[in-house]
Amino acid sequence: TVSFSDLLGVFGQRSFGPLLLVPAPIAVGPTGAIPGMSLLTGAIIIVVAGQLLLQRDQPWLPKRLTSVSFSRDKVSFAMAKAKPYLGRIDGLLMPRLKFMLVPPAAQGIAMGAILMALSMFPLALLPFAVAVPGTAVLLLGVSLVTQDGLLAILGLGIAAVALALPLVLLV
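The model shown is predicted, which means the values in this text are computed figures rather than measured ones.

### So, a nonpolar patch on the surface
Point 1. Residues Leu 39, Met 111, Leu 115, Leu 118, Phe 121 and Leu 163 make up a contiguous nonpolar surface patch of about 460 Å² in total accessible area.
Point 2. Considering each element in turn, the nonpolar patch owes the most residues, 4 residues, to helix α7 (residues 105-123).
Point 3. When you line up the elements, Leu 115 lands in helix α7.
Point 4. Its relative accessible area of 34% is what places Leu 115 among the partly exposed residues.

Pasting the structure below:
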């Protein structure tokens, strides 16, 4: 079997990215309109990004979660299914502008994700409103996984727009 802890160990410092990639698509997709879902996804993002902000070597997760295990065959099957899609994406995303992914810029990514997660709480009142901050977090998570600083800049740009949009609409 392969435990969730084993999978996180493979990613090491980069495991913050995949952990941001779990709640972000939930917020962006139709599931984000389910009452309370944006509150849950926002809370998860805050916990993960908060640890990145504190420059932890690896994210802490509850033992109950890290002890969850999967059969090696199921993990291999899932990887084989994902490989064609990941291959297409891999051509677009590549390690570049790495200075965006190390401190102090990595703390900017963490703050951007936290601000997006905090914005999800009031946006929970509007169906699908969390899609914009969720998209920013999704891009920030992918940038951490792929080591693509250009994608991090794009994610932070969307975060800035998401934060500025309510101010512009009020004026």
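### Comments concerning the packing of α7 against helix α8 (residues 131-146)
Point 1. Interaxial distance between α7 and α8 falls to 9 Å at its minimum, and their mutual angle equals 155°. Our classification of the angle between α7 and α8 gives roughly antiparallel. Both α7 and α8 take part in a crossing whose hand is left-handed. Between α7 and α8, the residues in contact are Ile 109, Gly 112, Ala 113, Met 116, Ser 119, Met 120 and Leu 123 and Pro 133, Gly 134, Ala 136, Val 137, Leu 140 and Leu 144, respectively.
Point 2. When the residues that make up the contact of α7 with α8 are grouped by side-chain class, the tally is 10 nonpolar, 3 polar and no charged.

### So, unusual backbone geometry
Point 1. Omega for the bond connecting Pro 103 with Pro 104 falls within 30 degrees of zero, at 5°, which places this linkage in the cis form.
Point 2. You can see Pro 104 is positioned in the loop between α6 (72-90) and α7.
Point 3. Its identity as a non-glycine residue notwithstanding, Gln 55 has a phi of 60°, on the positive side.
Point 4. Relative to the assigned elements, Gln 55 resides in the loop between α4 (37-53) and α5 (63-66).
Point 5. Positive phi outside glycine occurs at Gln 147, with the angle close to 60°.
Point 6. Looking at the element boundaries, Gln 147 is found in the loop between α8 and α9 (149-170).

### Quick word on the pattern of salt bridges
When their charged atoms lie close together, side chains carrying opposite charge are able to pair.
Point 1. For the structure shown, the criterion picks out 1 salt bridge.
Point 2. The closest approach of N and O atoms between Arg 96 and Asp 148, which form a salt bridge, is 2.8 Å. With Arg 96 in the loop between α6 and α7 and Asp 148 in the loop between α8 and α9, this residue pair connects regions lying 52 residues apart in the sequence.
Point 3. Accessibility expressed as a relative area gives 28% for Arg 96, which makes it partly exposed.

Rules used in this analysis
Residues numbered from 1 in each chain as written. Predicted model: local features only at pLDDT ≥ 70, side-chain atom pairs only at ≥ 80, totals over all residues. Heavy atoms only, no water. Patch = residues over 30% accessible without salt bridge, like charges linked within 9 Å, V, L, I, M, F, W, Y side chains within 5 Å. Areas by Shrake-Rupley, 256 points an atom, 1.4 Å probe, with all protein chains shown as cover. Salt bridge = Lys/Arg side-chain N within 4 Å of Asp/Glu carboxyl O. Helix = DSSP H or I, 4+ residues; strand = E, 2+ residues; numbered from the N terminus. Buried < 20%, exposed > 50% of the residue type's maximum accessible area, 1.4 Å probe, protein only. Axes fitted to C-alpha atoms, helices over the stretch in contact; angles between N-to-C directions. Parallel < 35°, antiparallel > 145°, perpendicular 65-115°, else oblique. Left-handed = near helix turned anticlockwise from the far one by under 90°. Contact = heavy atoms within 4.5 Å. Nonpolar A, V, L, I, M, F, W, Y, C, P; charged D, E, K, R; others polar.

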